[in-house]
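The primary structure of each chain is shown beneath.
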Amino acid sequence: MKPDIQEITELIRQRTGLVLCAPQLEHLAERIQERLGTLRLHDGGAYAALLRSQTAVSQQEWRSLLTLLTVGESYFFRDQGQFRLLRQRLLPALLERCRATRTLRIWSAGCSTGEELHSLAILLWELLSSEAAAWDVELLGTDLNAQALERARSGRYGEWSFRQVAPQVRARYFQRHRTDWELLPEIRAMVHFQAGNLVQDAARLQARGGLGFDLILCRNVLIYFDPAMVPDIASGLGERLAPGGYLMTGHAEVLRPPHGLLIVLEEDGVVYQRPGGQGSKQVPAGPQVAATRPHRRGRRPPSGVEVAVSPPLPAKEGSRVNALEAARSAADRGAYEEARQLCEHLRAAEPMGVSPHRLLAELAMACGDIEEAKTQLKRVLYLAPRDVAAYDCLASLYADEGKVERAATLRQAALELLADYIPDAEVEGFPGGTAATLRARWEAEAGPQTAIVAGHTRGGR
Ligand SMILES: C[S@@+](CC[C@H](N)C(=O)[O-])C[C@H]1O[C@@H](n2cnc3c(N)ncnc32)[C@H](O)[C@@H]1O
C-alpha cells in the first residue's frame, strides 16, 4: 500500500514553495515507500515527523528529497529573446550606469546547473573585453539542489546543454574534457555558487559590499511554485535590487508587477526595475510604465517600443479575424493608435463582437487609462457575461484603486464561473493555467473567508 503523502507534500510546499505535479507525486510516493523500509519507519506520518525534526538526519533527508523533486532543466543562452535583451540593452545600460564604481552585482536565483549564470559571464566577458580586469564583477548563483550546484561549480557540460549554442561559441569558450565540455578557467573565475532557498534565505542574501544587486535573474523557477506564494517571493527579490536594478523572470511567471517595481516593456519581453538611481540607469528607448498598472493576466503586455525590429505588418482588410490579427500585431509593436483605430473599425462592422473590446481594454491599460480600461472590460462582460479573464482583470483594477469590496465581488463572480470548469481545463485568457490552479490562487489571495464561501458555492452545485 502506498503511504499517505499529503502531509509531506504540504511540508515541501511550505519549505520550498514547490507544488508537485502528478508524475512527481507518484515518484515521491515510491521514494517514501523505499525510505520507510530503510529508516524503519512505519508510515508517512512518521516520515513527516522526521522531516519536521531539526536533526542532522532530517537535513540529509531534505537534501536528497529536494534533489529528487526539483526540475533542473537548463541550457546555455536559454530564451534567445531574453538573452538578446540582456546583450543589447540591459547589460550595456548597467555597465554604463556602474562605470563610475566599476562594480556590477548579478544574481541567478534558482540557477540549477549554472548554464544561465555562465551564459551571463560569457556575455559580460565579451562586453567588457579588455576592460574586464578593471571591473569588480560578482556573479552569484543559488539553488536548493545541492547536486545541481556541484555540477555548476565543475563548469563541465554535456552536448545537451549546448542545444541553442553555435559551435563556434562553444569552441571559443569551452575545451573538451573527455565526453564533456569545460568552461575556460578565466570565465569560471567570474562566478560563484552557493546553496540558497528562495523561500527561507532570499531575504538574508546580500550582494558583496552590502549593496543591492544590479540584476537578478529568476527564470523558470517560480513556475513550479504555489501561485499564492509568488507575489511575496517576487517582491522579496525586488527588495534585493539596487536602485535602478532589474529583475528578469520567465515569461508570465510573475503575473503582477512585484511590489515597488516598475515594468519596463521591451521588444523581447518584460523586465521589472527598482526605481531610483541616476538617469543613465534607464534602458534607452524602452518606455516605463507605473508598477501599479495591471496587465491582463497571463498574457504578454503589448510592447512599448515604437521602432519595430521586424517590418510592421500591413493591416489586412477582409476577414474579421485578419483585422483583429492586424490590430494585435500593431499593439504588439507598440503602434497603439493604429491598433485602436483597427479595433474601432471592427466594432463598427460588428457591434456585438467581444474581441475588439478586450484588445481596447489592454490598449487602455498599456496607456495608463484605467477608466477607459474599466469601460471596455464592462462592455466585454455585457457581451460575454461568462468571461472569467474580464472579471479577474476588472477585479485587479478595482483592487489597485483600493476598492476592496468591489474587487472581492468581481473575483467572487470569477470564482463561481470557474466552478463550472473541470479542474484540468484551460481557461481562456490564462494560457498554461488550469481552472484548479486559478481557483487555488484566487482563494489563497482572497483569504480564508472567501475560500469557505467559494467552497460552499462549489459544494452547492
Ligand atoms: C528549471 S531550473 C531553472 C534554471 C535556470 N534558471 C534556467 O532558467 O535555465 C529550476 C531551478 O529552481 C530551483 N528551485 C526550485 N525551488 C527553489 C527554491 N525554493 N529556492 C531555490 N531554488 C529553487 C530548482 O532546484 C531548479 O534547479
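About the thresholds
- Residues numbered from 1 in each chain as written.
- Predicted model: local features only at pLDDT ≥ 70, side-chain atom pairs only at ≥ 80, totals over all residues.
- Helix = DSSP H or I, 4+ residues; strand = E, 2+ residues; numbered from the N terminus.
- Contact = placed C-beta atoms within 7 Å.
- Near = placed C-beta within 6 Å.
- Nonpolar A, V, L, I, M, F, W, Y, C, P; charged D, E, K, R; others polar.
- Domains from an automatic or database assignment.
- Expected span 1.5 Å × (residues − 1).
- Buried ≥ 20, exposed ≤ 12 C-beta atoms within 10 Å, placed from the backbone.
- Arc of directions from axis to C-beta.
- Core = buried A, V, L, I, M, F, W, Y, C linked by C-beta atoms within 7 Å.
- Axes fitted to C-alpha atoms, helices over the stretch in contact; angles between N-to-C directions.
- Parallel < 35°, antiparallel > 145°, perpendicular 65-115°, else oblique.
- Left-handed = near helix turned anticlockwise from the far one by under 90°.
- Pairing = 2+ DSSP bridges.
- Right-handed = clockwise from strand over helix to strand, strands pointing away.

Novice: Please set out the environment of Met-248 residue by residue, giving values where relevant.
Specialist: Considering the arrangement of structural elements, one finds Met-248 in strand 8 (residues 241–249). Considered as a pair, Met-248 and Arg-219 are 29 residues apart in the sequence and their alpha carbons are 6.9 Å apart. Excluding its chain neighbours within four sequence positions, the residues that come into contact with Met-248 are Gln-82, Leu-217, Arg-219 and Val-271.

Novice: Give a detailed account of the site of the ligand, specifying residues and quantitative values.
Specialist: Not every one of the 25 residues close to the ligand is listed here, only the nearest: Thr-70, Ser-74, Gly-110, Ser-112 and Leu-198. Of the residues belonging to the shell around the ligand, the class tally is eight nonpolar, eleven polar and six charged. Among the domains, domain 1 (6–69) and domain 2 (80–289) are the pair contributing at least three residues each to the shell around the ligand.

Novice: Pulling in residues and values, what's your account of helix 4 (residues 56–69)?
Specialist: The periodicity of an α-helix, 3.6 residues per turn, causes residues three or four places apart in sequence to face the same way. Over its 14 residues, helix 4 runs 20 Å from end to end, which matches the ideal 20 Å to within 8%, given 1.5 Å per residue. Turning to helix 4, its buried residues are Leu-65, Leu-66 and Leu-69. Looking straight down helix 4, one finds that the buried residues subtend no more than 95 degrees of arc, so they occupy a single side. Exposed and facing more than 90 degrees away from the buried side of helix 4 are Ala-56, Val-57 and Gln-60. Contacts made by the buried residues of helix 4 are with helix 1 (6–16) and helix 2 (22–39).

Novice: Outline the pairing of strand 9 (residues 262–266), listing residues and values.
Specialist: Most of strand 9 sits inside the fold, with five of its five residues counted as buried. A two-sided burial pattern is seen for strand 9, the buried positions comprising Leu-262, Val-264 and Glu-266 on one face and Ile-263 and Leu-265 on the other.

Novice: Which residues make up helix 16 (residues 404–418), and what values go with them?
Specialist: Counted at 1.5 Å a residue, the expected span for helix 16 with its 15 residues is 21 Å, and the 21 Å between its end C-alpha atoms agrees. For helix 16, the full list of buried residues reads Leu-410, Arg-411, Ala-414, Leu-415 and Leu-418. Down the axis of helix 16, the buried set is contained in an arc of 145 degrees. They therefore lie on one face.

Novice: Residues and numbers for the nonpolar core, please.
Specialist: Where a protein is soluble and globular, its nonpolar side chains tend to be buried together. In this structure, Leu-139, Ile-216, Ile-233 and Leu-247 are the most contacted members of the largest nonpolar core, which totals 72 residues. When residues of this core are sorted by domain, at least three fall in each of domain 1 (6–69) and domain 2 (80–289). Dropping the residues within four chain positions of it, Ile-233 is found in contact with Gly-17, Leu-198, Val-199, Ala-202, Leu-222 and Phe-225. Counting residues in hydrophobic clusters, the runner-up holds 37 residues, among them Ala-339, Leu-346, Ala-389 and Leu-394.

Novice: Quick rundown of the packing of helix 15 (residues 388–400) against helix 16? Include the residues and the values.
Specialist: Following both chains from N to C, one finds helix 15 and helix 16 inclined at 165 degrees, their axes separated by 8 Å at the closest point. Between helix 15 and helix 16, the angle falls in the class roughly antiparallel. Of the two elements, helix 15 crosses helix 16, and the hand of that crossing is left-handed. Contacts between helix 15 and helix 16 involve Val-388, Tyr-391, Asp-392, Leu-394, Ala-395, Tyr-398 and Ala-399 from the first element and Val-404, Arg-406, Ala-407, Leu-410, Arg-411, Ala-413, Ala-414, Leu-417 and Leu-418 from the second. Broken down by class, the residue content of the contact of helix 15 with helix 16 amounts to 13 nonpolar, no polar and three charged.

Novice: For the pairing of strand 7 (residues 213–218), give the residues involved together with the corresponding values.
Specialist: By the criterion of burial, strand 7 is predominantly enclosed, with six of the six residues buried. As judged from the three bridges shared by strand 1 (residues 103–109) and strand 7, these two strands associate in the parallel manner. Residue pairing in the sheet places Ile-106 in a bridge with Leu-215 of strand 7. Across five bridges, strand 7 lies against strand 8 in parallel orientation. By the bridge assignment, Phe-213 is partnered in strand 8 with Leu-241. Tracing the backbone out of strand 7, into helix 10 (residues 230–239) and back to the parallel element strand 8 gives a crossover that is right-handed.

Novice: Describe in detail the sheet that holds strand 5 (residues 180–183), supporting the description with residues and values.
Specialist: Overall, antiparallel pairing links the three strands, which are arranged 3-5-4 in an open sheet. The sheet terminates laterally at strand 3 (156–157) and strand 4 (174–177), the two strands that pair on one side only. Here strand 3 runs beside strand 5; their pairing, made up of two bridges, is antiparallel. Across the sheet, the residue bridging to Arg-156 is Glu-182, located in strand 5.

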